[in-house]
Amino acid sequence: MGYIVGSIQVKQDRVLDKEGSIDEWFVTETARRTGIGKQLYDSLIEVFKQHVCNHIGLKIYSANKNIVELYHRMGLHDLEFTKVKALG
């Protein structure tokens, strides 16, 4: 039905020094809108809390407007932007 993968990074000498990162998060199309994605997310957030992470982060493609809006509704906010340009 789906899965979520996270990791934890310790960032020495920073105010936000322990980051829980959502590296992969997938729910099959037939299981979407059933709550499984939120259950996966909530479970990973609990793991991050147990490891005393003080924030979470993830990278997404800005062109994926549905996902950008979903994360905003979940309380995640934009912190930084990466700009890219295709070569060739």
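A brief structural summary.

Some details on the sheet that holds strand β1 (residues 2-10)
Spatially, the 3 strands line up as an open sheet ordered β1-β2-β3, and their pairing is mixed. Two strands in the sheet have a free side with no partner beyond their single neighbour: β1 and β3 (55-57). The average undirected angle you get between the axes of adjacent strands in this sheet is 30°. Pairing of β1 with strand β2 (residues 18-27), which is carried by 9 bridges, proceeds in the antiparallel orientation. Bridge pairing in β2 links Q9 to E19.

Focus: the packing of aromatic side chains
Following the criterion strictly, the structure yields 3 aromatic pairs and no others. Taking 5.9 Å as the distance between ring centres and 40° as the angle between the ring planes, the aromatic pair formed by Y3 and F26 counts as tilted. Highlighted residues: Y3 in strand β1 and F26 in strand β2, separated in sequence by 23 residues. Of the residues examined, Y3 reaches a relative accessible area of 38% and is grouped as partly exposed. A centroid spacing of 5.8 Å and a plane angle of 40° characterise the contact between W25 and Y71, whose relative ring orientation is tilted. One end of the pair, W25, is in strand β2; the other, Y71, is in helix α2 (residues 65-73), and 46 residues separate them in sequence. By relative accessible area, W25 is classed as partly exposed at 23%. Following the ring pairs from residue to residue traces out a cluster consisting of W25, Y41 and Y71.

Some words on the pairing of β2
Examined bridge by bridge, β2 and β3 share 3 bridges and lie parallel to one another. Looking at β3, one finds that G20 is bridged to I56. As for the winding sense of the linkage, the β-α-β connection from β2 through helix α1 (residues 36-50) to β3 is right-handed.

Parameters and conventions
Residues numbered from 1 in each chain as written. Predicted model: local features only at pLDDT ≥ 70, side-chain atom pairs only at ≥ 80, totals over all residues. Heavy atoms only, no water. Pairing = 2+ DSSP bridges. Helix = DSSP H or I, 4+ residues; strand = E, 2+ residues; numbered from the N terminus. Axes fitted to C-alpha atoms, helices over the stretch in contact; angles between N-to-C directions. Phe/Tyr/Trp six-rings, centres within 6.5 Å; stacked < 30°, edge-to-face > 60°. Buried < 20%, exposed > 50% of the residue type's maximum accessible area, 1.4 Å probe, protein only. Right-handed = clockwise from strand over helix to strand, strands pointing away.

Functional significance is not addressed by these values, which are geometric in nature.
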